[in-house]
Structures are given as C-alpha cells and as structure tokens.
Amino acid sequence: MNPYILAILLFGLGLGTTITFASSHWLLAWMGLEMNTLAIIPLMAQHHHPRAVEATTKYFLTQATAAAMLLFASVTNAWLSGQWDIQQMTHPLPTTIITLALALKIGLAPVHAWLPEVLQGLDLTVGLILSTWQKLAPFALILQINPTNSTILIILGLTSTLIGGWGGLNQTQLRKILAYSSIAHLGWMILVLQFSPSLTLLTLLTYFVMTFSTFLVFKLNKATTINTLATSWTKAPILTSLTPLILLSLGGLPPLTGFMPKWLILQELAKQDLALTATVAALSALLSLYFYLRLSYAMTLTMSPNNLNGTTPWRLSSSQSTLPLAISTAMAICLLPLAPAATALLTP
C-alpha cells in the first residue's frame, strides 16, 4: 500500500476514535465511530484475497448495522427526553438499544458471531488493530452511558465469558482462537462495568498489552495455525520458551499479569453479593485456559513431524522490530506486583 494512503488511513483511525472520546453529543460520537469503520476497511481489504474481501464485507455490514441502531436509539432518546447529551440517557428503551448496538460493535456474545469470521480473514497486523484499537471508541461510550439496566450487562458478560471459552475449544486457527479469547475478556470487562468502571479500564489495558504481545509473537513466527507453532523452536528458541507465559497470562494464571484483573473482578463481584455470577465467570475462565494450554503444549512440548510437509520452511531473518515485542512481553508477564498500586488507584 502507498505509504501516503496508509498514513491518511491511520490518521483517520486515530481521529475517529479521538472524536468519539471527546464528544458529548450522540451525533458527534456516531460520526467518530463511522470514521473509524471507514478508515479500517481499506486496510482490511488491501491484499485483494477473496477471504480478506469477504471478511471486510462482513465487518462493514455488522458495523453499519450497529451504527444504524445507535443513531436510531439516540434519535429515539432525543424524541422521548429532548436530550442529545451522552451522559443524560434517562429512558430505559434507548439505553438498552444503545448498549446492544455497542455490544455488536465490539463483538460481545450473543452478537459476537461476526468477530471470529472477520478476524480469520485478516492478516495479523490488521487483526491486532481490530482486536485492540477498534474496541476503544465503543468502550468509551459504554463507560459514559453507564447503563442503568444491570441485568442486561450481567447477561452479556456471562454469555461472553462462556461462549468465548467454549468457542475456542475445537479451533485450530490461531486468529479464531484469539477472537474467542477477545470475546471472553470483553465479557469480564462488561461484568464489572456497573460496579467499578475504573476496574473495567484496568482490565482493558492489561488485555491490550497481552493481546499485543501474542499477535507480535505469531507475526514473528508467521504462524496462523496451531501446527505451524511447532516449528517455532528453530527460529526463536528464547521467545518460544517465553510464549507459554504470555498465553497463560491471557488465561489469568498467577503470578502473571493477567491474574490481576480477574482477581480484582472476582473480588468486586463477591462484594456485590454476586457469588453465583463470580463462580460461573471463574469456571468459564477454565475453558479459556484449556485452549491457551493447548497452544503452549503445541509450541513447547511437541516436535514438528519429520516429513516433507513438516520440515521448517525456509526463512530469512525477520524485518520486524523486536523492541515492541520485548516491552509488551515483559509487561504481559511481570506486572502482577503492581496490583497493590492498581488497587490504590482504583479506590476513589
């Protein structure tokens, strides 16, 4: 892609998210979300592969549907209450529709079905943008409307954690596994949103760090399926021995970074007398943990078959910069000791 066009598209991505962050009016927020969608579509379809074009079309249709729902709900809210302000959502009907529209935007279950399909059709770099940056603007809006209907948030959160764990169990494609991982993590964030918005933000940040690290590892290894992970020993032995730690951090095992948000969320849910919800969420984390363990096993404990198909493909040394990978890997593994500082910042 022409570097000037790429720069314009990335600028459009940044500007769309910034406009949504800065807006207090629903039309302006909608405009930012639309800019965001339109800026990433050429990036998704840049390889002209039928799979990429199909993924781009699916993405465009779901995002357009969500944006139309959002616009409809905000107009309904203005009609019912005379308010266009994002933080003045008083009527339950538009609030519920907007919550569902934003859930569709970020891919929460039960409106998640587009996310694994779309992510599977993209290359790892654009997949990373879709899994991280594209979640920011809708999340900012969800945090601002602070939905009053707590039942819908808990249902969305629990179904997302369960489907995110269940869906990834029989997958062999890494991008689909990461998509289900994303759905499960978003479920955890939505569960605790109404009780502690700052904890939701902390979870979002740790999810970004861990996902960034995982995508970069797969990109360095040029890996898209579980089987290609088995050949990564020959290319980057040290990184291959660290990758299981990143994956288990995504799964939320102590003493890794990913344990911190899960621990704090379960604690918060228990404080709110939602012991059953916390139990279901914790058990659904075991489902996710299974497929992270499966990836770790494929990477470190199996040898690739010694036949013609399994021989390590010829590779030149990667041109990818390793500094972001080094920083994000260190953060994905080692940040748990900062948990007391995080809790101090979270308590108002």
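Residues numbered from 1 in each chain as written. Predicted model: local features only at pLDDT ≥ 70, side-chain atom pairs only at ≥ 80, totals over all residues. Heavy atoms only, no water.

### Quick look at the UniProt feature "transmembrane region" (unreviewed entry) in the protein chain
UniProt's feature table lists "transmembrane region" (unreviewed entry) at residues 60–80, 92–115, 151–170, 177–195, 201–221, 233–254, 274–293 and 323–346, given in the numbering used throughout. This span, residues 323–346, is 83% helix and 0% strand, and a straight line between its end C-alpha atoms measures 30 Å. (UniProt positions renumbered as here; feature names shortened; annotations may be inferred. Helix = DSSP H or I, 4+ residues; strand = E, 2+ residues; numbered from the N terminus.)

### Description of a nonpolar patch on the surface
A contiguous nonpolar surface patch, about 330 Å² in accessible area, is contributed by Met1, Ile5, Leu6 and Leu10. Mapped onto the elements, Leu6 comes out in helix H1 (residues 3–22). (Patch = residues over 30% accessible without salt bridge, like charges linked within 9 Å, V, L, I, M, F, W, Y side chains within 5 Å. Areas by Shrake-Rupley, 256 points an atom, 1.4 Å probe, with all protein chains shown as cover. Salt bridge = Lys/Arg side-chain N within 4 Å of Asp/Glu carboxyl O.)

### What about the packing of helix H12 (residues 237–251) against helix H14 (residues 275–300)?
Two quantities define a packed helix pair, namely the angle between the helix axes and the distance between the axes. Look at H12 against H14: their axes get within 9 Å of each other, and the N-to-C directions meet at 175°. When the interaxial angle is binned, H12 and H14 end up roughly antiparallel. Where H12 approaches H14, its residues Thr240, Thr243, Pro244, Leu247, Leu248, Leu250 and Gly251 are matched on the opposing element by Leu289, Tyr292, Leu293, Leu295, Ser296, Met299 and Thr300. Grouping the constituent residues of the contact of H12 with H14 by class yields nine nonpolar, five polar and no charged. (Axes fitted to C-alpha atoms, helices over the stretch in contact; angles between N-to-C directions. Parallel < 35°, antiparallel > 145°, perpendicular 65-115°, else oblique. Contact = heavy atoms within 4.5 Å. Nonpolar A, V, L, I, M, F, W, Y, C, P; charged D, E, K, R; others polar.)

### So, helix H9 (residues 174–192)
In this model H9 runs 28 Å from its N-terminal to its C-terminal C-alpha over 19 residues, within 8% of the 27 Å that 1.5 Å per residue would give. The element H9 is extensively covered by neighbouring structure, given that 19 of its 19 residues are classed as buried. (Expected span 1.5 Å × (residues − 1). Buried < 20%, exposed > 50% of the residue type's maximum accessible area, 1.4 Å probe, protein only.)

### Points about the nonpolar core
Membership of the largest hydrophobic core comes to 53 residues, with the highest contact counts inside it found for Met44, Tyr59, Val118, Leu130, Phe218 and Leu295. If one sorts the elements of this core by residue count, helix H10 (residues 197–220) sits on top with seven residues. Beyond its immediate stretch of four places on either side in the chain, Leu130 contacts Ile40, Met44, Tyr59, Leu115, Val118, Leu119, Leu122 and Lys135. Among the nonpolar cores identified, the runner-up in size contains 30 residues, and Leu102, Ile106, Leu108 and Leu153 belong to it. (Core = buried A, V, L, I, M, F, W, Y, C linked by side-chain atoms within 4.5 Å.)

### What about unusual backbone geometry?
Cis geometry marks the peptide bond from Ala109 to Pro110, where omega comes out at 5°. By secondary structure assignment, the location of Pro110 is in the loop between helix H4 (92–106) and helix H5 (114–120). Cis peptide bonds are those with omega within 30 degrees of zero, and the linkage from Pro254 to Pro255 qualifies with 5°. Despite not being glycine, Lys222 has its phi angle at roughly 50°, a positive value. One can find Lys222 in the loop between H10 and helix H11 (226–229). Here the phi dihedral of Asp273 falls at roughly 60°; this positive angle occurs in a residue that is not glycine. As for its position among the elements, Asp273 is in the loop between helix H13 (259–271) and H14.

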